[in-house]
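# Residue-level structure breakdown
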Amino acid sequence: MSTQERLAQPSGSVGWSLVVPVKPAAIGKSRLAPFAGQHRTGLARAMAIDTIGAALACPSVTEVLAITPDPESGAVLAELGALVVPDEPTGGLNAALGHGCALARARRPDCAVAAMLADLPALRPQELALALAAAQAHPTSFVGDAAGIGTTLYCANQGVAFAPRFGGPSRAAHLSSGAVELLLPTIPSVRQDVDTEEDLHQARDLGVGPRTDAALSALLRPVDPGVD
């Protein structure tokens, strides 16, 4: 499939610019360290690549801006078709997302912008499309995570101020900002982020992407006791 075909928009839909922050794999997903051990770095990178790969396949997404200082991840994401923004500004996650939004709107002034986390390894393109279609009805909206505490997706429609509040109990923060929670029963893969071993097993039950699946297979492969 060509880039032009992949980015074609359904009739009447908003073309979304999607901003995805990707931490350096060496420091990403630290809470998985007790489970993943030496495989944590590879697993974190695999989840981010699968997440962005699925987002690029979403018919509602015009472009994906990957905000990352990780050159190895960035090279792979650029090959997939993401626009890689290598420098994350100081000020934390929300400042980095704001930087991505500013770049997206400089490129496409009338675009709607969404921010999504990079730890959704079971993400399905059509489920993301359902969430973005629902977001068209509201100035700002969001998808809460499976635990009901955090946020996985924040959306600001065309011409609307982009003010994500990721971090900690961000579901409550987004509600208090006036953003509408998108309570769709048909988007479990958009809600299933991964911070813990239990989250990872739940994502695997949904069906993770190929890189995450390969990383998990290597991690869970039985060790031959006869091999030193």
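Definitions and cut-offs
- Residues numbered from 1 in each chain as written.
- Predicted model: local features only at pLDDT ≥ 70, side-chain atom pairs only at ≥ 80, totals over all residues.
- Heavy atoms only, no water.
- Buried < 20%, exposed > 50% of the residue type's maximum accessible area, 1.4 Å probe, protein only.
- Helix = DSSP H or I, 4+ residues; strand = E, 2+ residues; numbered from the N terminus.
- Arc of directions from axis to C-beta.
- Polar contact = N/O pair within 3.5 Å; in protein donor to acceptor, adjacent residues only side chain to side chain.
- Phe/Tyr/Trp six-rings, centres within 6.5 Å; stacked < 30°, edge-to-face > 60°.
- Pairing = 2+ DSSP bridges.
- 1 Å grid on protein atoms, 1.4 Å probe; cavity = no way out; pocket = protein on both sides within 12 Å on 5 of 7 lines; lining within 4 Å.
- Points joined across faces, edges and corners; volume = space filled by probe spheres on them.
- Nonpolar A, V, L, I, M, F, W, Y, C, P; charged D, E, K, R; others polar.
- Axes fitted to C-alpha atoms, helices over the stretch in contact; angles between N-to-C directions.
- Parallel < 35°, antiparallel > 145°, perpendicular 65-115°, else oblique.
- Left-handed = near helix turned anticlockwise from the far one by under 90°.
- Contact = heavy atoms within 4.5 Å.
- Salt bridge = Lys/Arg side-chain N within 4 Å of Asp/Glu carboxyl O.

Turning to helix H4 (residues 71-80), a few remarks are in order. By the burial criterion, the buried members of H4 are Ser 73, Gly 74, Val 76 and Leu 77. For H4, the buried positions fall inside an angular range of 165° around the axis, keeping them on one side. Along H4, exposed side chains directed more than 90 degrees from the buried face belong to Pro 71 and Glu 79. With a side-chain oxygen lying 3.1 Å from the backbone nitrogen of Glu 72, the N-terminal cap of H4 falls on Asp 70. Gly 81 sits one or two residues past H4 and shows a positive phi near 120°.

Right, let's talk about the packing of aromatic side chains for a bit. Tallied over the full model, the rule gives one aromatic pair. Ring geometry for Tyr 154 against Phe 162: centres 5.5 Å apart, planes inclined by 70°, an arrangement best described as edge-to-face. Assessed through its relative accessible area of 2%, Tyr 154 is described here as buried.

Right, let's get into the pairing of strand S6 (residues 151-156). Among the six residues of S6, six are classified as buried, and the element is accordingly described as predominantly covered. Bridge count between strand S4 (residues 112-116) and S6: four bridges; the pairing is antiparallel. In the strand pairing of S6, Ala 115 is matched with Tyr 154. As judged from the five bridges shared by strand S5 (residues 140-144) and S6, these two strands associate in the antiparallel manner. Bridging from a neighbouring strand, Thr 140 pairs with Ala 156 of S6. Taking the residues between adjacent antiparallel strands as the criterion, S5 and S6 are bridged by six residues, where Gly 148 takes a positive phi near 80°.

Moving on: the environment of Ser 141. For Ser 141, the position within the fold is in strand S5. Expressed as a C-alpha distance, the spacing of Ser 141 and Ser 177, which sit 36 residues apart in the sequence, is 9.8 Å.

What follows deals with the layout of surface pockets. Approximately 150 Å³ is the volume attributed to the second largest pocket. Taken together, Ile 49, Asp 50, Gly 53, Ala 54, Leu 80, Pro 121, Ala 122, Leu 123, Gly 209, Pro 210 and Arg 211 make up the full set of residues lining the second largest pocket. Per-element accounting of the lining of the second largest pocket gives the leading share, four residues, to helix H3 (residues 40-56). Here the lining of the second largest pocket is built from residues that sort into seven nonpolar, two polar and two charged.

This part is about the packing of H3 against H4. Relative orientation of the contacting elements H3 and H4 amounts to 20°, with a least axis distance of 10 Å. Taken together, the axes of H3 and H4 lie roughly parallel to each other. Every pair of crossing elements has a handedness; the one defined by H3 and H4 is right-handed. Of H4, the residues touching H3 (which contributes Arg 45, Ala 48, Ile 49, Ile 52, Gly 53 and Leu 56) are Glu 72, Ser 73, Val 76, Leu 77 and Leu 80. Partitioned by chemical class, the residues of the contact of H3 with H4 number seven nonpolar, two polar and two charged.

Turning to the pattern of salt bridges, a few remarks are in order. When the charged atoms of two side chains lie near each other, side chains of opposite charge can form a pair. Under the definition given, this model contains four salt bridges. Salt-bridge contacts for Arg 107 lead to Glu 63; the nearest nitrogen and oxygen are separated by 2.8 Å. Within this pair, whereas Arg 107 is found in helix H5 (residues 93-107), its partner Glu 63 is found in strand S2 (residues 61-67), the two being separated by 44 residues in sequence. By relative accessible area, Arg 107 is classed as partly exposed at 45%. Overall, the relative accessible area of 10% leaves Glu 63 in the buried class. Arg 171 is the partner of Glu 181 in a salt bridge, and the nearest nitrogen-oxygen pair spans 3.0 Å. Placement of Glu 181 in strand S7 (residues 180-181) and of Arg 171 in helix H7 (residues 170-176) is noted, with a sequence separation of 10 residues between them. For Arg 171, a relative accessible area of 28% corresponds to the partly exposed category. One network of salt bridges, in which partners are shared, links Arg 45, Asp 70 and Glu 72.

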